[in-house]
Amino acid sequence: MHRRFTVPGALAAASLLLAIPASAASYSPGAPGIGDPYYPYYGNGGYDVSHYDLRLKYQPATDELSGTATISARTTQDLSSFNLDFLLDVDEVRVNGATAHFTTSGEHELVVTPRQPLAKGTPVTVVVRYHGVPSAKSAYGFTTWHRTPDGAIAADEPEAAWWWFPSNDHPSDKATFDVSVAVPDGTQAISNGTLVSTSSQLGWTRYNWRQNKPQATYLSTLALGRFDITTGTSEGGVPVINAYSTDLGDNDGAARASVERTGELVDWLSGYFGPYPFDSAGGYVPNTTTGYALETQTRVYYSPAQFANGSNTSVVVHELAHQWYGDSVSVKGWKDIWINEGFARYAQWLWSEHEGEGTTQELADYVYASHPADDAFWTVKPGDPGPDHQFDAAVYDRGALAIQALRNEIGDTAFFRLLKGWPQRHAYGNASVADFQTYAEQVSGKPLAGLFDTWLFQPVKPAAPAARAASFAASPAGVEQPRSWKKIEATNDVHGR
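Residues numbered from 1 in each chain as written. Predicted model: local features only at pLDDT ≥ 70, side-chain atom pairs only at ≥ 80, totals over all residues. Heavy atoms only, no water.

Peer 1: I'd love a proper account of the sheet that holds strand β10 (residues 145-148), names of residues and values included.
Peer 2: Pairing is antiparallel in the open sheet, where four strands are placed in the order β10-β11-β16-β13. Two strands in the sheet have a free side with no partner beyond their single neighbour: β10 and β13 (188-190). If you compare each strand with its neighbour and ignore which way they point, the axes differ by 15 degrees on average. In this structure, β13 lies alongside strand β16 (residues 222-225), joined through three bridges in antiparallel fashion. The partner of A189 across the bridge, within β16, is L224. (Pairing = 2+ DSSP bridges. Helix = DSSP H or I, 4+ residues; strand = E, 2+ residues; numbered from the N terminus. Axes fitted to C-alpha atoms, helices over the stretch in contact; angles between N-to-C directions.)

What follows is the structure in structure tokens.
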């Protein structure tokens, strides 16, 4: 029934308007994307997360996941509503204790409208109760939730969180995590950080994991299934937790021969990059058909395919190098991916030299000589490759070439001081390629804009004078393939979906 306002009603309405602060007009919805040009709808605007508390229950037989996510955040603008990146079915949302209206939008957006608008700088606690079958959900035509014979895993880049917890899914909003997962007895739940406790009741076992250092959402992982778990401590004192599916078959021995060297390799990398930045290290190898590896923070994900041809310490070095370059220091935006992949690849080159299978310069010469000037390899700009080429081989190999060129330009003393100093300068934060150039100039005392432009931003093969200045062989003649190359090359697609 509709009726007109009477005079008293109009007066009441006017009184209500007068009671609303004049600044209320400034309240507006948070943006559905954080502003990354590569992925316009990834992440969200209007708030910054400090902690995720995830309390979950998973049934491997049916792939059913239910849980409650408690998100601690602070608003960065006057907010009338805000988004979370999420795909599962939501039962209830509360904001600062009060039930909130919610709806979905686009491919992966959960839109939350609190009862009262939130002023800029307000601490916010968001509680989301949810359930669903992650493997039944997709966005943009793909899924990053991977079923296994005895469970599932969540591990992918640049997105994986949407399938198991609501988040502000962009590397620039890092947070600490508590992940508590109940699974049927006999099944294990593995996540990042350290295992704080386990408890069993009525046929279910709950695993409580804690990551006490800031972590990007795509670096959060969850592995559910039957695993053989090994524990130890590196010579340098870093606790190591590794896990292997109990049904890896012929790949089991090679996987263990590689991943069980994690502690040794963490200590070795510390010699180049400085102290290991986290409270634990390790990796897991589930029985999946995926082919990639991923530097999920403190608990690296490895596909068994990485070990199909035997042991592969090179891929372990690559993913562990990311703990410094990519995890502790994360990209400001996805265009800065060179800082992750170029340095992880260069760590493989350093390992090759350590193993006597080809020096960093020999590898640089081989890569340079292997790609003629008309090769599309040179059209990819590692410093800003674009979303379609973000994980192209050139980001890895040309990216490592750029690092060798930098080393040759500034000399070993400044170069190795730079390698160690960068992770300390930006520990647990975010940084860009421009930030790295600035820091390299500070450490070396040299102007480096021309070098960075030549090797990272020009879509052409650097000319022979630039190559000679960087000590690279200019032609394939006499450039022998280093013995380490095939294993290094095999990791070119470690992040391919």
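From this point, the discussion proceeds with the structure in view.
Peer 1: An account of the pattern of salt bridges is needed here, citing residue identities and associated values.
Peer 2: For the structure shown, the criterion picks out 14 salt bridges. D279 is the salt-bridge partner of K213, the closest N and O atoms lying 3.9 Å from each other. With K213 in strand β15 (residues 204-215) and D279 in the loop between α3 (262-273) and β19 (281-285), this residue pair connects regions lying 66 residues apart in the sequence. D279 gets classed as partly exposed once you look at its relative accessible area, which sits at 38%. Linking D252 and R256 is a salt bridge whose minimum nitrogen-to-oxygen distance equals 2.9 Å. Placement of both D252 and R256 in helix α2 (residues 252-259) is noted, with a separation of four residues, approximately one turn of the helix. One network of salt bridges, with partners in common, ties together E92, R94 and R129. (Salt bridge = Lys/Arg side-chain N within 4 Å of Asp/Glu carboxyl O. Buried < 20%, exposed > 50% of the residue type's maximum accessible area, 1.4 Å probe, protein only.)

Peer 1: How would you sum up the nonpolar core? Please name residues and give values.
Peer 2: Within soluble globular proteins, side chains that are nonpolar generally end up buried alongside one another. W164, W338 and F436 are the most contacted members of the largest nonpolar core, which has 142 residues in total. Looking at which element gives the most residues to this core, the answer is helix α7 (residues 393-410), with ten residues. Setting aside residues up to four positions removed in sequence, W338 forms contacts with F343, P382, V395, G399, A402, I403, V433, F436, F452 and L456. (Core = buried A, V, L, I, M, F, W, Y, C linked by side-chain atoms within 4.5 Å. Contact = heavy atoms within 4.5 Å.)

Peer 1: Quick one: what's the story with empty space enclosed by the protein, residue by residue and with numbers?
Peer 2: Under the counting rule described, the total for this entry stands at one cavity of 30 Å³ or more. In this structure, the largest cavity encloses a volume near 70 Å³. Residue lining of the largest cavity: Y47, V49, I71, A73, T75, L79, F82, L84, L118, V124 and V126, and that is the complete set. When residues of the lining of the largest cavity are traced back to their parent elements, those giving at least two are β2 (47-59), β3 (64-75), β4 (79-85) and β9 (123-132). Counted by class, the lining of the largest cavity contains ten nonpolar, one polar and no charged residues. (1 Å grid on protein atoms, 1.4 Å probe; cavity = no way out; pocket = protein on both sides within 12 Å on 5 of 7 lines; lining within 4 Å. Points joined across faces, edges and corners; volume = space filled by probe spheres on them. Nonpolar A, V, L, I, M, F, W, Y, C, P; charged D, E, K, R; others polar.)

Peer 1: Outline the pairing of strand β11 (residues 151-154), supporting the account with residue identities and numerical values.
Peer 2: A two-sided burial pattern is seen for β11, the buried positions comprising G151 and I153 on one face and A152 and A154 on the other. With four bridges joining them, β10 and β11 adopt antiparallel strand pairing. Bridge assignment links H146 to a residue of β11, and that residue is I153. Between β10 and the antiparallel strand that follows it, β11, lie two residues. Examined bridge by bridge, β11 and β16 share three bridges and lie antiparallel to one another. Looking across to β16, one finds that I153 is bridged to A223.

Peer 1: Could you give me a rundown of the sheet that holds strand β17 (residues 227-233), with the residues and numbers involved?
Peer 2: Reading across the sheet, the five strands line up as β17-β18-β19-β21-β20 and stay open at both edges, with mixed pairing between neighbours. If you trace the sheet from one side to the other, it starts and ends with β17 and β20 (293-294), each paired once. Pairing of β19 with strand β21 (residues 300-302), which is carried by two bridges, proceeds in the parallel orientation. When the sheet's bridge partners are listed, Y284 is paired in β21 with Y301. Contacts from α2 reach β17, β18 (239-245), β19 and β21 within the one sheet, and its direction differs from that of β18 by about 170 degrees. Seen against the sheet, helix α4 (residues 313-321) touches β20 and β21 and runs at an angle of roughly 150 degrees to β21.

Peer 1: Tell me what's going on with the environment of Q188, and back it up with residues and numbers.
Peer 2: For Q188, the position within the fold is in strand β13. The sequence separation of Q188 and A243 amounts to 55 residues, and the corresponding C-alpha distance is 10.0 Å. In contact with Q188, other than residues within four places in its own chain, are V183, Y207, A223, L224, G225, R226, F227 and I229. Separated by 2.8 Å, the side chain of Q188 and the backbone nitrogen of F227 make a polar contact. (Polar contact = N/O pair within 3.5 Å; in protein donor to acceptor, adjacent residues only side chain to side chain.)

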